[in-house]
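Observations on the three-dimensional arrangement
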Amino acid sequence: MHSQAYQNGEWLKFKIKYGWFKASEATIEVKKAKIKGQKVLHIAGFGKSTGLLDVFFKVRDHYETYINPDTNLPVKFVRKINEGGYKKNKILNFNHTTNTVEVIDKKHNTKNSFSFIEGTQDMMSVLYFLRNKVDVKRLKPGQTFTLNLFFDEENYPFKVKFLKKEILETKFGDISTLKFRPYVKADRVFKEQESLSFWVSADENKVPLKIEAKLAVGSLTANLDQFKGLKHSFSIIAK
């Protein structure tokens with residue numbers, strides 16, 4: 001495991017477009033916290049629909065993960081979403097000693113326990129795990145990273161492939177990036193397994209800059225709009 005790619009105080013804001021429409025915005029912030037006396041990094045993400053979309057299809061998505069900075073494994077995960085009336089409200093408490101997770105479903109008022117594979121991540125902590133794990137200097141096109149995710153109430157094998165280095169035009173200037181493709185589940189959201197691509201900066205931050213997704217209906221693009229508190233210097237190519 002390499003030095004941390006992120007730190008306490010990192011804050012990112014994304015603008016999200018659905019087709020031609022500016023559909024929503026999202027923020028992700030890293031803060032120090034404690035859970036039962038244990039020091040953790042608390043990463044909170046919040047997304048909301050804006051403009052006309054908010055009138056017809058209100059989105060309020062709230063994700064939180066609490067990561068043990070020594071192991072880069074999740075301790076707790078919170079998913080509270082409302083997407084046009086489709087709602088979920090779940091808390092996952094991970095125990096990496098017993099490899100079990102307690103799932104509290106607040107919507108249905110249930111509590112269950114499940115087993116998971118050693119080294120499992122949640123659907124938010126996995127991004128921060130990969131930011132630490134990826135070695136920019138040794139990365140080769142076609143290289144894949146395979147790990148296990150646990151979300152809702154199931155284990156999910158997750159694979160992401162490094163495609164290539166690419167110069168990306170952003171509002172900040174041209175940036176050298178690493179382009180990845182996660183293999184996602186073709187379901188009610190995504191059109192097919194290879195529907196998602198994302199770009200991160202090719203520096204020690206490996207900060208997410210852009211996400212493109214082909215959805216079951218239409219397409220979605222998210223671009224980094226503002227940032228602060230990056231751990232390492234942010235490299236922009238002068239034009």
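Look above for the structure.
For the structure given in this document, a descriptive report is provided here.

Brief notes about the overall build of the protein chain
Counting secondary structure elements, the protein chain contains 2 helices and 14 strands. The principal-axis extent of the C-alpha atoms belonging to the protein chain is close to 55 × 45 × 30 Å. In the protein chain, the proportion of contacts linking residues at least 24 apart, taken out of those at least 6 apart, comes to 45%. Roughly 12,800 Å² of accessible area belongs to the protein chain as shown, and the carbon and sulfur atoms make up 52% of that amount. With 42 positive and 26 negative side-chain charges, the protein chain shows a spacing of 2 Å between the two charge centroids.

Observations concerning the side chain of N99
Here N99 is to be found in the loop between β6 (86–95) and β7 (100–105). By relative accessible area, which is 19% here, N99 ends up buried. Residues contacting N99, with those up to four places away along its chain left out, are F114, S115, F116 and E118.

Details of the packing of aromatic side chains
Aromatic ring pairs: the centre-centre distance and the angle between the two ring planes describe each pair. One pass over the structure, following the stated rule, counts 10 aromatic pairs. Judged by centre distance (6.3 Å) and plane angle (80°), the rings of F172 and F234 are edge-to-face. On the criterion of sequence distance, the pair formed by F172 in the loop between β10 (154–170) and β11 (173–183) and F234 in the segment after β14 (219–228) is long-range, its members being 62 residues apart. Overall, the relative accessible area of 23% leaves F172 in the partly exposed class. A connected cluster of aromatic rings, assembled from ring pairs, spans F162, F180 and F198. Taking NZ or CZ as reference, K159 lies 4.9 Å from the ring centre of Y183, over its face. Taking NZ or CZ as reference, K228 lies 5.1 Å from the ring centre of W11, over its face.

Here we look at helix α2 (residues 125–133)
Within α2, 7 of the 9 residues are buried, which leaves it mostly tucked inside the rest of the structure. Among the residues of α2, S125, V126, Y128, F129, L130, R131 and N132 are the ones counted as buried.

Here we look at the pairing of strand β8 (residues 110–115)
Each regular strand carries side chains that alternate between the two faces of the sheet. Within β8, only 0 of the 6 residues are buried, which leaves the element largely exposed. Here β7 runs beside β8; their pairing, made up of 6 bridges, is antiparallel. Across the sheet, residue T100 finds its bridge partner in β8, namely S115. Linking β7 back to β8 in an antiparallel pair, the connection comprises 4 residues, with N109 at a positive phi of about 55°.

Notes on the pattern of salt bridges
This model, assessed by the stated rule, comprises 10 salt bridges. With a closest N to O distance of 3.1 Å, K171 and D225 form a salt bridge. Separated by 54 residues along the polypeptide, K171 in the loop between β10 and β11 and D225 in strand β14 bring together distant segments of the chain. Taking the relative accessible area as the measure of exposure, D225 reaches 10% and is therefore buried. Connected through salt bridges with shared partners, the residues R79, K88, K90 and D152 form a single ionic network.

What counts and how
- Starting from 1, residues in each chain are numbered consecutively following that chain's sequence as written.
- Given that this is a predicted model, residues contribute local features only at a pLDDT of at least 70 and side-chain atom pairs are listed and counted only at 80 or more, while totals for whole chains, interfaces and linings are drawn from all residues.
- The side-chain values count all of the structure's non-hydrogen atoms but skip hydrogen atoms and water molecules.
- Helix and strand labels come from DSSP, where a helix needs a run of H or I of at least four residues and a strand needs a run of E of at least two; each type is numbered from the N terminus.
- The criterion used for residue contact is that any of the two residues' heavy atoms lie within 4.5 Å.
- Here the accessible surface of atoms and residues is derived via Shrake-Rupley with a 1.4 Å probe, and residues count as covered only by protein chains that are part of the display.
- For the charge count, each Lys or Arg is scored as positive and each Asp or Glu as negative, with His and the chain ends excluded.
- For the purpose of locating charges, the reference atoms are NZ of Lys, CZ of Arg, CG of Asp and CD of Glu.
- Whether a residue is buried, partly exposed or exposed follows from its accessible area with a 1.4 Å probe, protein chains only, as a fraction of its type maximum: under 20%, in between, or over 50%, in that order.
- Ring pairs shown here join Phe, Tyr and Trp side chains whose ring centres sit within 6.5 Å, with only the six-membered ring taken for Trp; geometry is labelled stacked below 30 degrees between planes, edge-to-face above 60, and tilted in between.
- For a lysine, the NZ atom is tested; for an arginine, the CZ atom; a charge sits over a ring if that atom is within 6 Å of the ring centre and within 35 degrees of the ring normal.
- Note: two strands are recorded as paired if DSSP finds a minimum of 2 bridges between them.
- Counted as salt bridges are all cases of a side-chain nitrogen of Lys or Arg within 4 Å of a carboxyl oxygen of Asp or Glu.

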